[in-house]
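# Report on the structure
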Amino acid sequence: MSERISREELVRIYNIEITFFDELVDYGLLTIHVEDDTHYLMYEDLPDLEKFANWHYDLEINLPGLEVIHNMLKKLEALKRRNRDLMNKLSAINDQYEDI
């Protein structure tokens, strides 16, 4: 099983409010796993938590704003991947015509 950290440890380590963590979960920005009434976040999701905490506490961005920014960045990454795929296909087509 992947490594995980409890919600209580996260709140203590990152010095965030437990309500902020719970709201991130409610907004669907973080996915938690519950075992024996303890909420856990997977280590692989820590960068997202850190990003959200920085945006919220340092830049004073509210939860709806975090959701919008996160969704826009995900779409941007998808568009970058799609663009890279299309460029690779175009390059392969050009290589075929150069061989003729």
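Everything here concerns the structure above.
A few points on the structure. (Residues numbered from 1 in each chain as written. Predicted model: local features only at pLDDT ≥ 70, side-chain atom pairs only at ≥ 80, totals over all residues. Heavy atoms only, no water.)

## A short note on the pattern of salt bridges
Inspection of every chain in the model, using the stated rule, returns five salt bridges. Here aspartate 48 ties to lysine 51 by a salt bridge, and the two come within 3.2 Å at their closest N and O atoms. In this pair, aspartate 48 and lysine 51 both sit in helix H3 (residues 46-59), three residues apart, roughly one turn of the helix. Taking relative accessible area as the criterion, aspartate 48 reaches 23% and is therefore assigned partly exposed. (Salt bridge = Lys/Arg side-chain N within 4 Å of Asp/Glu carboxyl O. Helix = DSSP H or I, 4+ residues; strand = E, 2+ residues; numbered from the N terminus. Buried < 20%, exposed > 50% of the residue type's maximum accessible area, 1.4 Å probe, protein only.)

## Description of the side chain of arginine 7
Within the element layout of this structure, arginine 7 appears in helix H1 (residues 7-14). Residues in contact with arginine 7, not counting those within four places in the same chain, are Ile18, Phe21, Asp22 and His39. (Contact = heavy atoms within 4.5 Å.)

## Some words on unusual backbone geometry
Residue asparagine 15 is not a glycine yet carries a positive backbone phi of 55°. Along the chain, asparagine 15 falls in the loop between H1 and helix H2 (18-26). Judged by relative accessible area, which is 68%, asparagine 15 ranks as exposed. Backbone geometry at glutamate 60 places phi at a positive 60°, although glycine is not the residue there. With respect to the secondary-structure elements, glutamate 60 resides in the loop between H3 and helix H4 (63-98). Classification of glutamate 60 as exposed rests on a relative accessible area of 70%.

## A closer look at the pairing of strand E2 (residues 32-35)
Looking at chain direction, E2 and strand E3 (residues 38-42) are connected through four bridges and run antiparallel. Residue pairing across strands places glutamate 35 opposite threonine 38, the latter belonging to E3. Two successive antiparallel strands, E2 and E3, enclose a turn made up of two residues, where aspartate 36 displays a positive phi of approximately 55°. (Pairing = 2+ DSSP bridges.)

## Details of H2
One full turn of an α-helix is made of 3.6 residues, so residues set three or four places apart face in the same direction. For H2, the complete set of buried residues consists of Phe20, Phe21 and Leu24. For H2, the arc enclosing every buried residue in end-on projection is 100°, short of the 170-degree limit, so these residues lie on one face. Residue glycine 28 follows H2 closely and has a positive phi angle near 80°. (Arc of directions from axis to C-beta.)

## As for the sheet that holds strand E1 (residues 4-6)
Judged by pairing direction, the sheet is antiparallel, and its three strands sit side by side in the order E1-E3-E2 without closing on themselves. The two strands at the open ends of the sheet, each matched to only one other strand, are E1 and E2. The sheet shows a mean angle of 35° between the axes of neighbouring strands, direction not considered. Bridge count between E1 and E3: three bridges; the pairing is antiparallel. Bridge pairing links serine 6 to tyrosine 40 in E3. (Axes fitted to C-alpha atoms, helices over the stretch in contact; angles between N-to-C directions.)

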